[in-house]
Structures are given as C-alpha cells and as structure tokens.
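# Fold and contact review
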Amino acid sequence: MGQRSGRQESSKKAEMALSETMEAEIEIQNNKEEIEEMKAKNQKLASVFGVADLKNEAVGLYNVGETCCLNSLLQVFFMNIHFTRILRRITVPSPAWRRSNVPYQMLLLLEKMQCGKCKAVWPTELAYCLAEHRVKLFVQYDAAQLFLTLWNLLKKQMKKPELVEELSDLYTIHIQEHLACQNCSFEIKNNSTMLTLPLPVLDANSHRLKTLEHCLQYFFLPEELTGQNMCFCQQCGRETPFLQSRKLVQLPETLTLHLKRFCFERSSYTLKLSHSLPFPQELDFREILTENQCQADDSEKASWQYELFAVVAHSGYSSWGHYCAYIRSLTECRWYCFNDSHVCQVSWDDVKCTYGRSNLSLRETAYLLFYMKKHPQQPSPGEPECL
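### A short note on the overall build of the chain
Across its full length, the chain carries 11 helices and 18 strands. A buried classification covers 42% of the 387 residues belonging to the chain. For the chain, contacts bridging at least 24 residues in sequence account for 66% of all contacts bridging at least 6.

Spelled out as structure tokens, the structure:
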C-alpha cells in the first residue's frame, strides 16, 4: 500500500510539474507575442512620428517664478510631435548667441525632459533667455498673448527659411476679409493671416453663446457697420454703411482657438466669463460654416476635420490666477494634466470639467483650445483609443 501510494504521489507531482511547465511555456509565448506586437506598433508609430518622439514621456516643469502660463504653453509645444520635428532641425547658434536664442533653449529643455529620469525639470535657462526678450519672471501673463510672443520669437530666430515656412504652415490660419458698400458695388478684399481665432463667448447683445460651434459661427457672421462705424467709400465719395464679413481660406495642421473669457467693462474692470461652454472632441468645419463663409476648394475643405489635442485652462479671477494644460499624447492616445511639476493621467470627463460654470469662477475654465487635423495614419480600430 505504501509503495502504491508513493507511486501515485510521484505521478501527481510529475503531472503538476508538466502542467506548470506548459503554463510557463504558454506565458512565455504570450509575452513574446505581446513584445512583437509592441515592436510592430512602435515601428508603425516611428514611421509617422520619428524615433525620438516615442520617448516623449509626460514630464513636468517646475515653477520658477509665476511661470504656470509659460509651463503650460511649453508642454503644448513639446507634446506636439509636428512642432518637435521642426525644433530638432534648427541651426545651432554660435556660443555667443546661445543664451538668448529661444529655439535653441527650447530644444535643450526638450532634450533635458526626454533624456532624464526625473518626474519634473527646471526650465531656468529658458526662463532667463525669455527674460532677455522682455518676458519677465513674476509677471501674470495672458496665455493667448504669451503664445503669440513665443511663436513670434521662434519664427524670428529660426534661421532656416524652410523651417520658418513649416512653422507657419503648422499654425497659421488664412482668412479673407470683405468690406462691401451697401449703397453701391464698391468692395474691398484683403487676405490676412492669424495665429489664433479669437472667439467671442457673448453675442452683440451680451447673450451667452452656448457651444464652441456657436462661437465659430458667430465669428464668421457678417456685421453691418453703421453710424460711427461707417467707412469711406471711394466710389460714393463719402462715408456709407458697409457690410463686413470674413471667409475661411486655409486651416493649419494645428488649429488654435482663443475663447475670449475676459471681458472689459466700461469701468475699466476686467471680468472673467466663467459660464459653461462645451467643446467637442472632433470638429468638422464643413458642418459648421456655410458655403458663403468659405473661400476654398473642395480638396482644401476635405481636410478641415479636427480632433482635440490640448486645452490650456485658467482658474481664478482676471487679476490673478493659475494655468494648467490638458494634453492628449499623440503616441499613447491618453490624456494628461500638466500642472507645473505635477503630471497625471486623466480621463475625458476630467477634461470636460474645464467647460466652466457660472457660479464657480475659481474653477478651471478652458481658455485656449488646440485642435489637430485628422489623418488616415491616426489610430484605427484595434489600436488604443483616447481615454
């Protein structure tokens, strides 16, 4: 009996060992498949974004003197793989000019963020560089104005003409402005460019516009210039009522929308408008604007489909406050919140909290919206979707 029992136990142990070995082999095989799948995915991403951009992990920036606005905008620039692709190809300036060269200092900071293992880095050298261009520390900046300042400095100090052209194509909006006399056939047409679309959140009667789409429609709505706003008509020889209108000609790869949340009152007091203004994850301008509000052919308008990439949000009042950025990683398709040195993964529901609420002025409110053009190479079914 003892020998038979011992043989049974030995048989059971052998079976268990065989089972564990098979399970281990299956697990190893699964791991190999996951590794191969990850390699294939990275190769596909690298073919689109570049190898260096795949290392662009979410890293924070320390606040070095009320630099929350600067930090938020830098994160939006650095998380945009189309921008970093341009930045990495700049001409390195001579040693005497490196300290004051904004593109070069931004490149150094980007490499510092990507090559280190820190959760956050100090943007001190870039902050000192910007101070030489009158972007001082310990100053509360408006995000829309600072974005324009940074972009102009980048464009001015990039020496390669092809990079300047790429930078312009990446962000510049092309508009055609019309002025038509209401008494005759005289008409003026001017082509202009804009870095952002400054969208009012109130109409002419101070009524709240309900959605981002309504803001865009209102921005392109024709306006009658009468009374003190009349213009001089060369054909009529006097001031006459004019109809002013805008037509959209061309949209960039990265579209920047400025929600005009700060309203100037007659008493010279600046009021922050914190009411709710929902914005979608996807925008199609063909569904928002009419044919009369567009001056583009069908091939251009076919590219006017966008997906939300980043939100720069403001909390506080008009006189003081704090900025942070919500950014969707283009390589991971995940949303992150960049709050100076603190970075965390968030959901779309967290991003929607920046819509605003009338009775909560101190809460985060979306101020700048960055939309990215949709392309066929973006994640398809079976690949990770944005959270």
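Next comes the rest of the description.
### A closer look at the packing of aromatic side chains
Across all of its chains, the model carries 15 aromatic pairs by this definition. Pairing Tyr323 with Tyr367 gives two aromatic rings, centres 6.4 Å apart and planes at 50°, and the pair type is tilted. Of the two residues, Tyr323 sits in strand E15 (residues 321-328) while Tyr367 sits in strand E18 (residues 365-373), which places them 44 residues apart along the sequence. Assessed through its relative accessible area of 3%, Tyr367 is described here as buried. Feature note: the residues Phe77, Phe83, Phe147, Tyr171 and Phe370 constitute an aromatic cluster, connected by ring pairs. Seen from the ring of Phe219, Arg246 lies directly overhead, with NZ or CZ sitting 4.2 Å from the centre.

### Notes on the packing of helix H2 (residues 68-78) against helix H4 (residues 102-115)
Packing of H2 against H4 brings their axes to within 12 Å, and their N-to-C directions diverge by 80°. What the angle tells us is that H2 and H4 run roughly perpendicular. Here Leu74, Gln75, Phe77 and Phe78 of H2 lie close against H4, whose contacting residues are Met106, Leu109, Leu110 and Met113. Residue composition of the contact of H2 with H4, grouped by class: seven nonpolar, one polar and no charged.

### Here's the deal with H4
Its 14 residues give H4 an end-to-end C-alpha distance of 20 Å, which sits within 8% of 20 Å, the value for a rise of 1.5 Å per residue. With respect to burial, H4 is a largely interior element, 10 of its 14 residues being buried. Val102, Pro103, Tyr104, Gln105, Met106, Leu107, Leu109, Leu110, Met113 and Gln114 are the residues of H4 that are buried. Residues of H4 that are buried in the fold lie against strand E1 (60-61), H2, helix H3 (81-87), strand E2 (120-121), helix H5 (124-131) and helix H6 (143-157). Where H4 begins, one side-chain oxygen reaches toward the backbone nitrogen of Tyr104, 2.9 Å away; that side chain belongs to Asn101.

### Describing the pattern of salt bridges
Considering all chains together, one arrives at eight salt bridges under this definition. Here Glu282 ties to Lys374 by a salt bridge, and the two come within 3.2 Å at their closest N and O atoms. With Glu282 in strand E13 (residues 282-284) and Lys374 in the segment after E18, this pair connects stretches of sequence that are 92 residues apart. Judged by relative accessible area, which is 46%, Glu282 ranks as partly exposed. With a shortest N-O distance of 3.0 Å, Arg286 and Asp284 are connected by a salt bridge.

### Topic: the packing of H4 against H6
Two numbers describe how H4 lies on H6: the axes approach to 8 Å, and their chain directions differ by 105°. Taken together, the axes of H4 and H6 are roughly perpendicular relative to one another. Facing H4, whose interface residues are Val102, Pro103 and Met106, H6 presents Leu153, Leu154 and Gln157.

### Considering the confidence of the model for the chain
Per-chain confidence: the chain averages 85 in pLDDT, with 80% of residues scoring 70 or above. Low pLDDT, under 50, characterises residues 1-7; the stretch is placed with zero contacts to residues that sit more than four places away or in other chains.

### As for the environment of His375
Relative to the assigned elements, His375 resides in the segment after E18. Taking relative accessible area as the criterion, His375 reaches 29% and is therefore assigned partly exposed. Separated by 69 residues in sequence, His375 and Tyr306 place their C-alpha atoms 9.0 Å apart.

Cut-off values and rules
- Numbering of residues starts from 1 in each chain and follows the order in which that chain's sequence is written.
- Confidence filtering applies because this is a predicted model: local features only for residues at pLDDT of at least 70, side-chain atom pairs given and counted only at 80 or more, and all residues used for totals across whole chains, interfaces and linings.
- Side-chain calculation: all heavy atoms of the structure are included, whereas hydrogens and water are not.
- In this text, helices come from DSSP runs of H or I with a minimum length of four residues, and strands from runs of E with a minimum of two, each type numbered from the N-terminal end.
- Throughout this description, buried means an accessible area under 20% of the type-specific maximum (1.4 Å probe, protein chains only), exposed means over 50%, and partly exposed covers the range between.
- By definition, residues are in contact when any of their heavy atoms lie within 4.5 Å.
- Aromatic rings from Phe, Tyr and Trp, taking only the six-membered ring of Trp, are treated as a pair when their centres fall within 6.5 Å; an angle between ring planes under 30 degrees marks them as stacked, one over 60 as edge-to-face, and anything in between as tilted.
- Cation placement over rings: the criterion is NZ of Lys or CZ of Arg within 6 Å of the ring centroid and within 35° of the ring normal.
- Axis definition: a line fitted to C-alpha atoms, over the contacting stretch in the case of helices. Angles run 0 to 180 degrees between N-to-C directions.
- Put simply, angles under 35 degrees are roughly parallel, angles over 145 are roughly antiparallel, angles from 65 to 115 are roughly perpendicular, and the rest are oblique.
- Polar here means any residue outside two lists: the nonpolar Ala, Val, Leu, Ile, Met, Phe, Trp, Tyr, Cys and Pro, and the charged Asp, Glu, Lys and Arg; Gly therefore counts as polar.
- Every helix has an expected span of 1.5 Å times one less than the residues it contains.
- N or O atoms closer than or at 3.5 Å make up a polar contact, with two conditions inside protein: a donor-capable atom paired with an acceptor-capable one, and, for residues adjacent in sequence, both atoms drawn from side chains.
- In the sections that follow, a salt bridge refers to a side-chain nitrogen of Lys or Arg positioned within 4 Å of a carboxyl oxygen of Asp or Glu.
- Confidence scores per residue from the predictor, reported as pLDDT, run from 0 to 100.

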